[in-house]
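# Examination of the molecular architecture
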Amino acid sequence: MTEDRSYWETIKTVFSSKNVTTIAITTSMITLCDAGWRPFWPLYLKNVLGASVWAISFLSMLGQSERLLFQLPGGVIADRFGRRKIIVYGTALRIFTPMLYLWATDWVTVIPALLLNGVTSIYMPAFNAIIADSLPEEDRGAGYGAYRMITSTPRIFSPIIGGYLFERMGPAEGFRLFMFISIAVNAIVTYARYRIITETLFDEEEMRGRVRKRPPVKEQIVETMTLGKNVWVMVLVAVLSAFGTRMVFSLVAIYAQDVIGLSYAQLGVVITIGAV
């Protein structure tokens, strides 16, 4: 009983933070939408926009490269100007990404959307930082666990919904539907984060003084790159793991449809089972 009570008390403490609760709920809303169409994105590129396997691989590489480039600058900006602003501005940019996807008529015109999507990832370091800042030190592990649990839940059932809609409406109309939903969801999420999330690094009134006192951005980047041995080992393992996974990840859906013969609905069911 004591252990159960302690567990629920920890959960209650974690979600007593408005920042953590807001970020968890709004991220789940975005995930609910994105997980409905992203598993079928390679098939949309191939079957609707006429992209070759090479083009799909190139677009996947470009998207990942853009996210990589903006992670470190995002962390520096979050430390320099605060977490809240970069989260709100980065979320607001997400409203325009689906618009560019809708505008694309072939795989080449998808590139601007991928570039903008990479820019929006600039707020991810601020995301992690504000969650850590908003929790008591002794509850940070439980806080991250609860956050991951909530934000990962939509990945379980969204693919089966997306597969059904792609199958019933066709890939072109199914994709357009998800893009319009994404625009609405991102607008709601932006407003919610603007209204509810509070700064944790310093008070808004102190911001200008903090900016003047901080060292130049170049020095901050050099200092950030001076990581400990354990951190570099973790980075190396993550890089090798990502390299092996991403080598085939963007082509799995095409293999499932062209070689195994799965329909969109069947692929959604397989992805949902895998997520469980």
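Analysis parameters
Residues numbered from 1 in each chain as written. Predicted model: local features only at pLDDT ≥ 70, side-chain atom pairs only at ≥ 80, totals over all residues. Heavy atoms only, no water. Helix = DSSP H or I, 4+ residues; strand = E, 2+ residues; numbered from the N terminus. Buried < 20%, exposed > 50% of the residue type's maximum accessible area, 1.4 Å probe, protein only. Contact = heavy atoms within 4.5 Å. Phe/Tyr/Trp six-rings, centres within 6.5 Å; stacked < 30°, edge-to-face > 60°. Patch = residues over 30% accessible without salt bridge, like charges linked within 9 Å, V, L, I, M, F, W, Y side chains within 5 Å. Areas by Shrake-Rupley, 256 points an atom, 1.4 Å probe, with all protein chains shown as cover. Salt bridge = Lys/Arg side-chain N within 4 Å of Asp/Glu carboxyl O. Core = buried A, V, L, I, M, F, W, Y, C linked by side-chain atoms within 4.5 Å. Axes fitted to C-alpha atoms, helices over the stretch in contact; angles between N-to-C directions. Parallel < 35°, antiparallel > 145°, perpendicular 65-115°, else oblique. Left-handed = near helix turned anticlockwise from the far one by under 90°. Nonpolar A, V, L, I, M, F, W, Y, C, P; charged D, E, K, R; others polar. 1 Å grid on protein atoms, 1.4 Å probe; cavity = no way out; pocket = protein on both sides within 12 Å on 5 of 7 lines; lining within 4 Å. Points joined across faces, edges and corners; volume = space filled by probe spheres on them. Arc of directions from axis to C-beta.

### Some remarks on the overall build of the protein
- Helix and strand counts for the protein stand at 16 helices and zero strands.
- For the protein, buried positions account for 40% of its 276 residues.
- Relative to all contacts within the protein whose residues are 6 or more apart in sequence, the contacts with residues 24 or more apart total 83%.

### A few points about the packing of aromatic side chains
- In the structure shown here, the tally under the stated rule is 16 aromatic pairs.
- Measuring from centroid to centroid gives 6.1 Å for W54 and W107, while their planes differ by 85 degrees, and the two rings are edge-to-face. A residue pair is termed long-range when its members are at least 10 positions apart, and W54 in helix α4 (residues 53-81) and W107 in the loop between α6 (96-103) and α7 (111-120) qualify at 53 residues.
- A residue is classified by how much of its surface remains accessible, and W54, at 57% relative accessible area, is exposed.
- One aromatic cluster in this structure is built from W37, W41, Y44, Y101 and F175.

### What about a nonpolar patch on the surface?
- A contiguous nonpolar surface patch, about 560 Å² in accessible area, is contributed by L32, I156, F157, I160, I161, V269 and I273.
- Of all the elements in the fold, those that place two or more residues in the nonpolar patch are α10 (154-169) and α16 (264-275).
- A total of four residues in the nonpolar patch trace back to one element, the largest contributor, which is α10.
- Relative to the helices and strands, I273 is located in helix α16.
- Residue classification places I273 among the exposed residues on the basis of a relative accessible area of 60%.

### Description of the nonpolar core
- Membership of the largest hydrophobic core comes to 28 residues, with the highest contact counts inside it found for W37, W41, L45, Y101, V110 and F175.
- Only α2 (18-37), α3 (41-47), α4, α7, α10, α11 (171-196), α15 (252-260) and α16 provide two or more residues apiece to this core.
- Ignoring any residue separated from it by four or fewer positions in sequence, one finds Y101 in contact with W37, W41, V110, A113, L114, F175 and M179.
- One finds I23, A24, I86 and I197 within the second-largest nonpolar core, a separate group that totals 15 residues.

### Remarks on the packing of α10 against α11
- One can describe the packing of α10 onto α11 by two numbers: an axis separation of 6 Å at closest approach and a directional angle of 130 degrees. The pairing of α10 with α11 is recorded here as oblique in orientation. Note on packing geometry: the crossing formed by α10 with α11 is right-handed. Across the interface between the two elements, G162, L165, F166 and M169 of α10 pack against P171, E173, G174, F175, L177 and F178 of α11.
- Among the residues forming the contact of α10 with α11, the class breakdown is seven nonpolar, two polar and one charged.

### Side note on empty space enclosed by the protein
- Per the counting criterion, the structure on display carries one cavity of 30 Å³ or more.
- There is about 80 Å³ of room inside the largest cavity.
- In this structure, the largest cavity is lined by D34, W37, R38, R94, T97, P98, Y101, N117, T120, M179, S182 and N186.
- Elements that contribute at least two residues to the lining of the largest cavity include exactly α2, α6, α7 and α11.

### Some details on the environment of K18
- Here K18 is to be found in helix α2.
- Residues K18 and I196, 178 residues apart in the sequence, show an inter-C-alpha distance of 7.1 Å.

### Looking at α6
- Among the residues making up α6, those that are buried are T97, P98 and Y101. Projected down its long axis, α6 shows its buried positions confined to an angular sector of 95 degrees, all on one face.
- Residues of α6 that are buried make contact with α2, α3, α5 (83-93), α7 and α11.

### Observations regarding the side chain of T27
- With respect to the element layout, T27 can be found in helix α2.
- Taking the relative accessible area as the measure of exposure, T27 reaches 13% and is therefore buried.
- Those residues in contact with T27 that lie beyond four places of it in its chain are F127, Y147, T151 and R193.

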